[in-house]
Amino acid sequence: MGDQDTLAPLVQRWTDGDRGAFDELVGVLYDDLRAMAHRHLLGERANHTLTTTALVHEAYVELSRRTGPAWRGRAQFFALLSKVMRHVLVDYARQKKAAKRGGGELHVEIDEQAAGAGNGLLEILSVNRALEHLEARDARLARIVECRFFGGLQESEIAEALGVSTRTVERDWRRARAYLHTLLATDQAPAPDEEHGAQ
Amino acid sequence: MTGEPPDRARWQAIDRLFEAALERAPADRATFIESAAAGDQDLIDAVSSLLRAEQDSQGRFESPAIPVSDVFAAQAAGGSRTIGPYRVVRELGRGGMGTVYLADREGDGFTQRVALKVLRRGMDTEDVLRRFVTERRILASLSHPNIARLYDGGATDDGRPYLVMEFVEGEPISAYCDSRHLPVRRRLELALEVAAAVSAAHASLVVHRDLKPSNILVTAEGHVKLLDFGIAKLLDPGADGGTHTRTGLFLLTPDHASPEQLRGEPVTTLTDVYQLGALLFELLTGTAPYEPGSRTAEGLKALAGRLDVPRPSVVASAGPDAETRARRRGTTPAQLRRMLSGDLDTIVGKALQAEPPRRYVSAEALAGDIQRFLDGRPISAHPDTVSYRARMFLRRRPWVAPAAGAAALFAGIYVTTLVRHSAALEAERNAATLQAERAQEVQRFLVDLFASADPYAPADTARGRGITVVEALDIGTGRLKTSLADRPDIRASILSAISQVYQHLGVHDRAQPLREEALAVHTSLHGPESREVRDSLGSLATIRGERGELVPARELHVRRLALAEATRPVDAAEVADARVRLGRHLIATSQEQLAEPHFRAVLDGPDAESLPVTTHVEAMRALADVERVLDRLDESERTARRAVALVDASIGASSAAGAFARGTLAQTLGLIGRVDEADGLFQQAIGTLERTLGATHGHRLMTMNNLAVLRLNAGRLEGAEALLRETAEVGERVHGPNHPSVAGFLQNHATVLVRLNRPDEARERYERAAAIYRETLEPDNYTRALPLLSLAGLDLAAQRAASAEAAAREALHILRAALPSGHAITAVAECRIARALVARAQGPAARPFFERATASLTSATSLPEYRRECLEAAVAFHRARGDATTASRIAAALGTPGS
């Protein structure tokens, strides 16, 4: 559990611009979010569906209470949580896929594509892969996708988090979407048939 | 974005135009890009395709199509879990590193109960596991009753690393002591047990880095168990060395971190000494030595630079809860204060020094003082302020020093006078003195006899020839077996002298038993902490290090330094020599960062000017080596030049020491790119070594090898070839045909021959090198694979695909056992197998090899030539199979190494 002992100095170091602290924070928050969601599911509000947006906002309230005023600001924290959510979702999708493979089912891919949830799983993984390519080219575009797709943030929150105007976020989002779309199209293109013989 | 992925500039051009086009009304876009692209059809196509993608993707990527509650529900429902072969029983706790579970593993009729630590997300799994593979053998060898074993490691299904450790039932040491109201003495005994365990781990080259009460449990039987030994290093992304080591702060709670960890400096065994001091402080006083309150960046910086060390006696008896803390130690605040002031304040203060060189030199030395305190004997540490002031006083007033020396002399006489309290005793002592004088005479005779043949003696007297000296020594050793049985002291002196000369001649296997015998005699004659014993320990450590017995060598070096530091009065030259030798050993085991503080302590210490010149020069050369390895080339050059200047002015430019200093400087200059200057210095050094040590001495051969590597890298192939031909031939004559260093020379020689396009000669040498390695090295030593890989390369070039495949497969087999998966060398082997398969018309079989190899090499920065060769082959392979996408992805990676 990311108790105050672990969290507060990490936040401070992150605020001071320590890159390593950022990675550690992601790790600590990962477990915190999970614990928070568990409480949520077991608690009184289990009847309503928990959205990413709700979880991220709730996490902000709880964690800022525990760490005091160390956060650089609500928006930056949201961006951080979006990154954590990305880890959470990608892990989940991988695990699901691995579980199915391990279960000895044949034609897993087809089954998954037939079922709506399976489609969601595949999309998470392919968006994540495409995002890795996009990160190498334009880090800001990638951040925007992370905040929106994985973190459930609104355009105004993204603008605040990245320190740009809402208009910029709107414009960048269109470009990011186009790149993701293109990358996903190449990603899922059928592989050329294996051929025999020497070069 | 069709066809090949464009390079960065191209991509930016596309992106700019795409962005601008989006600003236009949809109907105007086609015309706009037509005119802006100025006939660049590819650009027009790329941007048009992106514009279509933008239209098609409206409303997409808004959120994942699965509700987040499903995600967490799935993880909550996962009742009984298994992780690898382990079944999770229950959660034991959570901490900075992750979650610890109690888990079982079913074996043949037994159940192994373990603690299983699943690391947090955010730690790079591959990195952690790679470090685990490298450290595994060391950690597995850490078998000590007070240290919890590390059994196993792996990755969970979702890719998080986990470590499997001995499950220990116990209570954290501070809680254990407090709940039982243990008195100070019992607490010290427990701390002693902790220090002994830490010291044993240090002997196995493992540093804990995160010693704190929660990592030290006391079992129901009342014994301590240290958890997580070596784990911090596995989790530290900076632990692999390199210039940008960021060690320490990673996941450490600041109130337990040492100043060097807070400053982001390298972690050493002295870090553990500091943390032992902090533990001792806490056990004695009930509070940590420094307020954990200030966790801000400024607070931490202040903490890192602190110079004052709080006194346990003061802290223990102050504060509102002083009464409670004293009661938990079965005493009152006033009594506790009296108990701690004096020696315990001094011991804790020395361990907690902010500057590592000012601390106890080892955990063992700290344990020694705790033991002395418990036994009621005088401790070795002195109150820091006094000695510091005295030193400063002497430095400022050099003319006072002789008088102070005289005072020490008087003190010595005073002690002797006390001892000589009876006439009988005095008579005995006189006899002993007589004997010692006689022994000295014998020794002087022997040493004089051999000194003329000792290659390390100053240049003007050094004209010895190795073979004859060894023969003479052999005769002398034989004689000693039967003579002087009744004069153990004289025998020990002669044994030491002969051993020393053997050692300097590089005949270490004969030097060792003589030195060991001398050590045993000295121990029984003079006591285990005597000067004679300390000197023998130092020599023995060097001998065993030369013979490759690294762990015992290090233990001996550390022991000798600890004894030298604890001796009063301190002999600065002895301490410096001990530091230099320990540091050299650390360099030999690739622990340059641990070594550096020792050399700095010698060179920057208050006694630097008065040290023997050989010690001084050696410390400089070693420091230059460290600086070079750590890529601080300018500093290394400066230091090496200082060493050369000092040797030339004192011992002489044409001495062996002068040659070594030049070799050191040349190594650095070669890396800076000043090849001519480096070449000249190497040649000068080789000439000098031939005259002083003889043409066949290992140091000379190694210097020739270094010169050859310099020439090879500079493209001066002919010069490199001649040198390596000679080193290989001479090496074979001296070491015999089956010595790994001969294989190294052959391997280097062959590499030059390949570059000179003489493949047949190269092949013959690679084959010999491979055969020698097969005979002499452990099966999982990755060096064995190197000549095999080279042979595979030759075979591929000569279109002998079957033989290439066999050699590369043998190499891969070795590398898989020796290195973590995904290592660049392993990828080279995979690539060569793939190329052989392609040549044998087995394209489909080649594909997985290419895929694995490209996956590891795409992001690699090491071995650039091999990386290029491999990726180019992969590109050709995929192109030939019509897989343009993959081919161009790899081609793009080729253009941007390490991206």
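This one's a predicted model, so the numbers in the text were calculated from it and none came from an experiment.

Caption draft 1: Examining the overall build of chain A more closely. A count of helical and extended segments in chain A gives 9 helices and 0 strands. Helices (α) and strands (β) of chain A occur, in sequence order from the N terminus, as α-α-α-α-α-α-α-α-α. In chain A, buried positions account for 53% of the 199 residues. In chain A, the share of contacts with a sequence separation of at least 24, taken over all contacts with a separation of at least 6, comes to 62%. As displayed, chain A offers around 8700 Å² of accessible surface, 51% of which is attributable to carbon and sulfur atoms.

Caption draft 2: Main features of the overall build of chain B. Each helix and strand in chain B was counted, giving 40 helices and 9 strands. Each of the 899 residues in chain B was classed as buried or not, and the buried ones make up 50%.

Caption draft 3: Representation of the pairing of strand E4 (residues 111-119) of chain B in the model. Residue and element names in this part refer to chain B. Taken together, the 9 bridges between strand E3 (residues 98-106) and E4 define a ladder with antiparallel strand orientation. Paired with Glu106 across the strands is Thr111, a residue of E4. In this structure, E4 lies alongside strand E6 (residues 161-166), joined through 5 bridges in antiparallel fashion. Within the sheet, the bridge partner assigned to Val114 lies in E6 and is Glu166.

Caption draft 4: Representation of helix H7 (residues 184-203) of chain B. All names here are of chain B. Between its terminal C-alpha atoms H7 stretches 28 Å, which fits the 28 Å expected from 20 residues at 1.5 Å a residue. When you tally the buried positions in H7, you get 15 out of 20 residues, the bulk of the element. The first or second residue beyond H7 is Leu205, which carries a positive phi of 70°.

Caption draft 5: Focus on the environment of Gly538(B). Residue and element names in this part refer to chain B. With respect to the element layout, Gly538 can be found in helix H23 (residues 531-546). Gly538 gets classed as buried once you look at its relative accessible area, which sits at 0%. Sequence spacing of Gly538 and Val558 is 20 residues, and the spatial spacing of their C-alpha atoms is 9.1 Å. Those residues within four positions of Gly538 in sequence are excluded, and the remaining contacts are His557, Arg560 and Arg581.

Caption draft 6: Summary view of the nonpolar core. Of all hydrophobic cores here, the largest spans 82 residues; its most connected members are Ile173(B), Val194(B) and Leu226(B). Among the domains, domain 2 (83-166) and domain 3 (171-389) of chain B are the pair contributing at least three residues each to this core. Sequence-distant contacts of Val194(B), that is, excluding residues within four places in its chain, are made with Ile173(B), Ile216(B), Val224(B), Leu226(B), Leu276(B) and Leu279(B). Membership of the second largest hydrophobic core comes to 75 residues, among which are Ala59(A), Trp173(A), Ile44(B) and Leu51(B).

Caption draft 7: A look at the pattern of salt bridges. All names here are of chain B. Applying the stated criterion across every chain, the model contains 76 salt bridges over all chains. Residue Asp345 pairs with Arg311 through a salt bridge whose shortest N-O separation is 3.7 Å. Of this pair, Asp345 sits in helix H15 (residues 343-351) while Arg311 is found in the loop between helix H11 (297-304) and helix H12 (312-316), placing the two residues 34 residues apart along the sequence. Overall, the relative accessible area of 48% leaves Arg311 in the partly exposed class. A salt bridge links Arg847 to Glu851; the shortest N-O distance between them is 3.9 Å. Here Arg847 and its partner Glu851 are both found in helix H38 (residues 843-857), 4 residues apart, which amounts to about one turn of the helix. Note on Glu851: relative accessible area 41%, which makes it partly exposed.

Caption draft 8: Inspection of helix H10 (residues 269-285) of chain B at higher detail. Residue and element names in this part refer to chain B. With 17 residues, H10 extends 24 Å between its outermost C-alpha atoms, agreeing within 8% with the 24 Å of an ideal straight helix rising 1.5 Å per residue. Burial within H10 is extensive, with 17 of its 17 residues counted as buried. A distance of 2.9 Å separates the backbone nitrogen of Leu270 from a side-chain oxygen at the start of H10, and that oxygen is part of Thr268. At the C-terminal side of H10, Gly286 shows a positive phi close to 90°.

Caption draft 9: Representation of the packing of H23(B) against helix H24 (residues 550-566) of chain B in the model. Residues and elements named next belong to chain B. Where H23 meets H24, the axes come as close as 8 Å, and the angle between the chain directions of the two elements is 155°. Taken together, the axes of H23 and H24 lie roughly antiparallel to each other. Handedness of the crossing formed by H23 with H24: left-handed. Here Arg534, Asp535, Leu537, Gly538, Leu540, Ala541, Thr542, Arg544 and Gly545 of H23 lie close against H24, whose contacting residues are Leu550, Pro552, Ala553, Leu556, His557, Arg559, Arg560, Leu563 and Ala564. Residue composition of the contact of H23 with H24, grouped by class: 9 nonpolar, 4 polar and 5 charged.

Caption draft 10: Looking closely at the packing of helix H27 (residues 613-629) of chain B against helix H29 (residues 656-672) of chain B. Residues and elements named next belong to chain B. As a packed pair, H27 and H29 sit with axes 10 Å apart at the nearest point and diverge in direction by 15°. Here H27 lies roughly parallel to H29, going by the angle between them. Of the two possible hands of crossing, H27 and H29 adopt the one that is left-handed. For the pair H27 and H29, contact is made by Arg621, Ala624, Asp625 and Arg628 and by Phe660, Ala661, Thr664, Gln667, Thr668 and Leu671, respectively. In terms of residue class, the contact of H27 with H29 is made up of 4 nonpolar, 3 polar and 3 charged.

Caption draft 11: Examining the side chain of Ser317(B) more closely. In this structure, Ser317(B) sits in the loop between H12 and helix H13 (322-327). When sequence neighbours within four positions are dropped, the list of residues in contact with Ser317(B) reads Ala322(B), Pro333(B) and Arg337(B).

Caption draft 12: Representation of the packing of aromatic side chains within the structure. Inspection of every chain in the model, using the stated rule, returns 4 aromatic pairs over all chains. When the centroid spacing of 4.8 Å and the interplanar angle of 85° are considered together, the rings of Phe149(A) and Phe150(A) count as edge-to-face. Look at Tyr179(A) and Trp11(B): their rings are 5.5 Å apart centre to centre, the planes differ by 40°, and that puts the pair in the tilted class. Of this pair, Tyr179(A) sits in helix H9 (residues 166-187) while Trp11(B) sits in helix H1 (residues 8-22), each in a different chain. With a relative accessible area of 1%, Tyr179(A) lands in the buried category. Taken together, the ring pairs connect Tyr179(A), Trp11(B) and Phe18(B) into an aromatic cluster. The ring of Phe32(B) is capped by Arg24(B), whose NZ or CZ atom sits 4.1 Å from the centre of that ring.

Caption draft 13: Structural context of the sheet that holds strand E8 (residues 216-218) of chain B. Residues and elements named next belong to chain B. With antiparallel pairing, 3 strands are arranged side by side in an open sheet as E7-E8-E9. Edge strands, defined here as strands with exactly one partner in the open sheet, are strand E7 (171-172) and strand E9 (224-226). Where E7 meets E8, 2 bridges bridge the pair, whose relative direction is antiparallel. When the bridges of E8 are listed, Pro172 appears paired with Leu217. Where H7 meets the sheet, it contacts E8 and E9, and its direction lies at approximately 35° from that of E9.

Caption draft 14: Unusual backbone geometry, seen in detail. All names here are of chain B. Residues Arg568 and Pro569 are joined by a peptide bond in cis, for which omega reads -5°. Counting through the fold element by element, Pro569 comes out in the loop between H24 and helix H25 (572-588). Located in the positive-phi region is Phe61, a residue other than glycine, with phi close to 65°. Inspection of the secondary structure puts Phe61 in the loop between helix H3 (41-56) and helix H4 (68-77). For His181, which is not glycine, the phi torsion reads 50° and is therefore positive. Inspection of the secondary structure assignment puts His181 in the loop between helix H6 (173-179) and H7.

Caption draft 15: Just the environment of Ala159(A), in detail. Residues and elements named next belong to chain A. In this fold, Ala159 is placed in helix H8 (residues 155-162). On the basis of relative accessible area, Ala159 is assigned to the buried category, the value being 5%. As a C-alpha pair, Ala159 and Glu170 span 11 residues in sequence and 9.2 Å in three-dimensional space. In this structure Ala159 touches Val164, Ser165, Thr166 and Val169, once residues within four positions along its chain are discounted.

Caption draft 16: Highlighting the pairing of E6(B). All names here are of chain B. Counting buried residues along E6, 6 of its 6 residues qualify, which places the element largely inside the surrounding structure. Alignment of strand E5 (residues 150-155) against E6, held across 5 bridges, turns out to be antiparallel. Bridging across to E6, Asp152 finds its partner in Val164.

Caption draft 17: View of the confidence of the model for chain A. All names here are of chain A. Per-residue confidence for chain A gives a mean pLDDT of 69; residues scoring 70 or more make up 64%. Per-element confidence in chain A is highest for helix H7 (residues 139-150), whose mean pLDDT is 90, and lowest for helix H5 (residues 108-114), whose mean pLDDT is 30. Note that residues 100-118 has pLDDT below 50 and, in this model, 16 contacts with residues that lie over four places away or in other chains. Contacts of residues 188-199 to residues separated by more than four positions or lying in other chains number 20 contacts, the stretch itself having pLDDT below 50.

Reading the values: the criteria
- Residues numbered from 1 in each chain as written.
- Chains lettered and ligands numbered in written order.
- Predicted model: local features only at pLDDT ≥ 70, side-chain atom pairs only at ≥ 80, totals over all residues.
- Heavy atoms only, no water.
- Helix = DSSP H or I, 4+ residues; strand = E, 2+ residues; numbered from the N terminus.
- Buried < 20%, exposed > 50% of the residue type's maximum accessible area, 1.4 Å probe, protein only.
- Contact = heavy atoms within 4.5 Å.
- Areas by Shrake-Rupley, 256 points an atom, 1.4 Å probe, with all protein chains shown as cover.
- Pairing = 2+ DSSP bridges.
- Expected span 1.5 Å × (residues − 1).
- Core = buried A, V, L, I, M, F, W, Y, C linked by side-chain atoms within 4.5 Å.
- Domains from an automatic or database assignment.
- Salt bridge = Lys/Arg side-chain N within 4 Å of Asp/Glu carboxyl O.
- Polar contact = N/O pair within 3.5 Å; in protein donor to acceptor, adjacent residues only side chain to side chain.
- Axes fitted to C-alpha atoms, helices over the stretch in contact; angles between N-to-C directions.
- Parallel < 35°, antiparallel > 145°, perpendicular 65-115°, else oblique.
- Left-handed = near helix turned anticlockwise from the far one by under 90°.
- Nonpolar A, V, L, I, M, F, W, Y, C, P; charged D, E, K, R; others polar.
- Phe/Tyr/Trp six-rings, centres within 6.5 Å; stacked < 30°, edge-to-face > 60°.
- Lys NZ or Arg CZ within 6 Å of the ring centre and 35° of its normal.
- pLDDT = per-residue confidence, 0-100.

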